[in-house]
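So the chains spell out like this:
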Amino acid sequence: MPQQFWKPGTDKPRILEDEEGGVVFFAPSLSSASSSSSRFGYASIGSQRQRLPVYKYRTAILYLVETHATTIIVGETGSGKTTQIPQYLKEAGWADGGRVIACTQPRRLAVQSVASRVAEEMDVKLGEEVGYTIRFEDVTNPAATMIKFLTDGVLLREIMDDPLLTKYSVIMVDEAHERSISTDILLGLLKKIQRRRPELRLIISSATIEAKSMSDFFQTSKKHRGPEDHEFVPRKVPAVLSVEGRGFNVQIHYVVEPVSDYVQATVSTVLSIHDQEPAGDILVFLTGQDDIDAAIQLLAEEAHASRKISSGLIVLPLYSSLPRAEQDLVFSPTPRGKRKVVISTNIAETSLTLEGVVYVVDSGFSKQQFYNPISDIENLVVAPISKASARQRAGRAGRVRPGKCYRLYTEEYFVNEMSSVGIPEMQRSKLVSCVIQLKALGIDNILGFDWPASPPPEAMIRALEVLYSLGVLDDDAKLTSPVGFQAAEIPLDPMISKMILSSNQLGCSEEIITIAAILSIQSIWVSGKGVQKELDEAKLRFAAAEGDHVTFLNVYKGFLQSGKSSQWCHKNYMNYQAMKKVIEIREQLRRTALRLGIVLRSCEGDILAVRKAVTAGFFANASRLEAFSHNGMYKTVRGSQEVYIHPSSVLFRVNPKWVIYHSLVSTDRQYMRNAMTIDPSWLTEAAPHFFQNLRRPDPIAH
DNA sequence: GAGCACTGC
């Protein structure tokens, strides 16, 4: 047990029972917090730490963690919970005896920056007492690390090697309100682990007040234990503690009438802020590159027309596919007498923080992914945001001083129609990777798994079907040996994993892991507007008749021959950052392949082997050109869906009779992205079962 | 001849 920090007889924390009996609320006691103020830390950093809002809950938090299996902490950004709570736990002895305190984050950058901040506060070298682990980077020392920050994805991988996470005494899951797939899987698994390890403590940290549902989820026993035994057995009822943030007040403005064109409304709002409000930068939330470009152009036109305000505005776009140098412009300080306007996607809602923003304009929309398990198509659509998102966006205006947020929707809409939280990612995504991961963790009854939010059964069944067809699961829906277990080890989509495993027998693993690495990033080309012709020409220099996959091999070869040069990328309209990521992923895949006993071998130009390996993973994505089609219409073998080759493919307008594709994107039509020519006989060869089971008597007859 | 919100292993 950790050292006792709570002394009976001293100022006792007050516990307030929720009337429904499910939730324990805790009222902070200022005097107990200040009584333990000078026990740790260096003067300057120590007093800085004490000024954080979370500090006055120090005793309360430690008390709750000690006495409850799960503690839910609701706190806005700026409360200091992420950097302070792990330190409080360490100071209270939770890292004694070689145990480790873990704190997960959804994003890599957050892991790195929080870890270095905490190492600095504790005056230790990063990677010793305080460390972090993210994909490609393990900055920990197993013999010394007491506080470890990591992405939730990394912790999930750790569960594969150590199913009970035995080295951790406390696991804090931060930003749980974002409800990413890995956070949700992690929460489900932690609940199971807790049943086997009653001494394990969980802290769930969330920005929204939806704590009740989280509390219900972690409430393993309805029976209350008496207070006399709580020192030995933690209470099963989760404790809930609310910590205020340190943001400044943000005044909210709503439009009086609904707007019909939010791009136009954005531009008018920005201009009137610039005209009437004191200095301070403006952050605008739109949905995507199209919106953003349109708004910037309109803003330029209107500012030009009214000369009085045309000067003084610096307008900058911000989205993830923007080249790095242009992205960095938004961080440069605003010159005196100027006003910066950053027009951004959701990237500025959580991933990037801009200093100096005083005004936020919120369109009320963002692009969100939805998955239809019946048609098996993922769709990116503009959809209304949730109240939680709207609050997060508004909060971006209050970081340096009191700010204002202009919502381009009515108050009536916000209050009555906006949903309070977004739909968890789990309920709007493909679940193939998620299901194989759970299988690898020994969860046999996938449909009965205790999720924080249950995914649609159709999506689960579809995922099971895909895994069965790949030979990853057997008739009893158990992982096959060795293919299933090996595929689960590879940190990629199972269809790609299957392709890699098949390349072993075909003698082309070096080429296939290159293709796998490139397929698992967004795009290796620079984003196309304005340089379309040049981009097309550059692509032609690498284009292979066999299709996009083989083209990728040419590109990668060229990149290596250039000495991985950024100028070479620039010259060929390639995204250098993306290529660097390809190199990293490829290196990780090489190591994973070696561990799985895959022989790394090049086929030395035998492209037939490469194409067969791709087919072994992606046979389910085969389609055939319609016999009398003049417009390049294909039908999928699996579902007879009408599909077309995407104009970005090197096979666009080539229209070979048979292709397999990597993915479908759905806009006005269904487009196949990354297509490759095949011989249809390879399909039955790769997956006889799959094609026999299709309804049509002979779907691949010539 | 079209368009890629954002993460992550």
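Computed from a prediction, not measured in an experiment: that's the story for all the values here.

Reading the values: the criteria
Every residue gets a number counted from 1 within its own chain, in the order that chain's sequence is written. All chains are assigned letters beginning at A, and all ligands numbers beginning at 1, according to the order in which they are written. This being a predicted model, a pLDDT of at least 70 is required before a residue's local features are given, and a value of 80 or more before pairs of side-chain atoms are given or counted; all residues contribute to the totals for chains, interfaces and linings. Note that the side-chain values use all heavy atoms of the structure and ignore hydrogens as well as water. Following DSSP output, two strands are said to pair if at least two bridges run between them. Helix and strand assignments follow DSSP, with helices taken as H or I runs no shorter than four residues and strands as E runs no shorter than two, numbered in order from the N terminus. Axis lines are fitted through C-alpha atoms, for helices just across the contact stretch, and the angle between N-to-C directions can take any value from 0 to 180 degrees. Aromatic rings from Phe, Tyr and Trp, with only the six-membered ring used for Trp, were paired whenever their centres fell within 6.5 Å, and each pair was classed as stacked if the ring planes differed by under 30 degrees, edge-to-face if by over 60, and tilted otherwise. For the exposure calls, accessible area comes from a 1.4 Å probe over protein chains only, and a residue counts as buried if that area is under 20% of its type's maximum, exposed if over 50%, partly exposed in between. Residues are counted as near a molecule or strand when any one of their heavy atoms sits within 4 Å of it. Whenever a nitrogen or oxygen atom comes within 3.5 Å of another N or O atom, the pair is scored as a polar contact, on the condition that within protein one atom can donate a hydrogen and the other can accept it, and that pairs from neighbouring residues in sequence are kept only if both atoms are in side chains. Each residue is assigned to one class: nonpolar for Ala, Val, Leu, Ile, Met, Phe, Trp, Tyr, Cys and Pro, charged for Asp, Glu, Lys and Arg, and polar for all the others, Gly among them. Contacts are assigned to residue pairs that have any heavy atoms within 4.5 Å of one another. Multiplying 1.5 Å by the residue count of a helix minus one yields the expected span of that helix. In this scheme, roughly parallel covers angles under 35 degrees and roughly antiparallel covers those over 145, while 65 to 115 is roughly perpendicular and the rest are oblique. Two helices that cross are described as forming a left-handed crossing if the nearer one is turned anticlockwise from the farther one by less than a right angle, and a right-handed crossing if clockwise.

## So, the sheet that holds strand S23 (residues 670-677)
Thought 1: Sheet architecture is closed into a barrel: five strands sit in the order S19-S20-S21-S23-S22, paired in mixed fashion. Shown here is a sheet whose adjacent strand axes are inclined to one another by a mean of 50°, direction ignored.

## Re the packing of aromatic side chains
Thought 1: Using the criterion set out here, one finds 11 aromatic pairs in the structure.
Thought 2: Look at Phe-542 and Trp-568: their rings are 5.8 Å apart centre to centre, the planes differ by 70°, and that puts the pair in the edge-to-face class. One end of the pair, Phe-542, is in helix H21 (residues 532-542); the other, Trp-568, is in helix H23 (residues 566-571), with 26 residues separating them in the sequence. When sorted by exposure, Phe-542 lands in the same class as Trp-568, which is buried.
Thought 3: Aromatic side chains Phe-619 and Phe-691 sit 6.3 Å apart centroid to centroid with 65° between the ring planes, which places their arrangement in the edge-to-face category. Taken together, the residues Phe-619 in the loop between helix H25 (607-618) and strand S19 (622-625) and Phe-691 in helix H27 (residues 688-692) connect sequence positions 72 residues apart.

## Overview of the protein's contact with DNA strand B
Thought 1: What surrounds DNA strand B is a group of 31 residues, the closest being Arg-108, Arg-135, Ser-320, Pro-491 and Thr-667.
Thought 2: Of everything in DNA strand B that lies within 4 Å of the protein, sugar and phosphate atoms constitute 59%.
Thought 3: Here a phosphate oxygen of DNA strand B sits 3.4 Å away from a polar atom, N or O, in the side chain of Thr-345.
Thought 4: Between DNA strand B and the protein, one listed contact pairs a base nitrogen with a backbone N or O atom of Pro-491 at 2.7 Å.
Thought 5: Only helix H6 (152-161), strand S16 (365-372), H21 and S23 provide two or more residues apiece to the surface near DNA strand B.
Thought 6: Broken down by element, the surface near DNA strand B gets its largest block of residues, three residues, from H6.
Thought 7: Grouping the constituent residues of the surface near DNA strand B by class yields 11 nonpolar, 12 polar and eight charged.

## A look at the sheet that holds strand S15 (residues 357-362)
Thought 1: One open sheet holds the six strands; their spatial order is S11-S18-S15-S12-S14-S13, and the pairing between them is parallel. Looking at strand neighbours, the two that pair on one side only are strand S11 (250-254) and strand S13 (313-318), the edges of this open sheet. Going across the sheet, the axis of each strand differs from the next one's by a mean of 20°, ignoring polarity.
Thought 2: Across four bridges, strand S12 (residues 281-285) lies against strand S14 (residues 339-344) in parallel orientation. Among the inter-strand pairings, Ile-282 is bridged to a residue of S14, identified as Val-341.
Thought 3: Each of S13 and S14 is contacted by helix H10 (residues 289-305), which is oriented at about 170° to S13, the strand it contacts most.

## Some remarks on unusual backbone geometry
Thought 1: Put simply, Ser-481 and Pro-482 share a cis peptide bond, and its omega is 5°.
Thought 2: Turning to its location among the elements, Pro-482 is positioned in the loop between helix H17 (457-469) and helix H18 (483-489).
Thought 3: Despite not being glycine, Glu-175 has its phi angle at roughly 55°, a positive value.
Thought 4: Within the secondary structure layout, Glu-175 lies in the loop between strand S8 (168-173) and helix H7 (181-196).

## Here's the deal with helix H19 (residues 494-506)
Thought 1: End to end, H19 covers 18 Å across 13 residues, agreeing with the expected 18 Å (1.5 Å per residue, within 8%).
Thought 2: All of the buried residues along H19 are Pro-494, Met-495, Ile-496, Ser-497, Lys-498, Met-499, Ile-500, Leu-501, Ser-502, Ser-503 and Asn-504.
Thought 3: For H19, the side-chain oxygen to backbone nitrogen distance between the N-cap and Met-495 is 2.9 Å, and the N-cap itself is Asp-493.
Thought 4: In the stretch just after H19, Gly-507 is the one whose phi turns positive, near 70°.

## Quick notes on the packing of helix H20 (residues 509-519) against helix H24 (residues 576-595)
Thought 1: Running from amino to carboxyl end, H20 crosses H24 at an angle of 130°, the nearest separation of the two axes being 9 Å. If you check the angle between H20 and H24, you find them oblique. Here H20 and H24 pass one another in a crossing that is right-handed. Within the contact between the two elements, H20 uses Glu-510, Ile-513, Thr-514, Ala-516, Ala-517 and Ile-518 and H24 uses Val-582, Ile-585, Arg-586, Leu-589 and Arg-590.
Thought 2: Here the contact of H20 with H24 is built from residues that sort into seven nonpolar, one polar and three charged.

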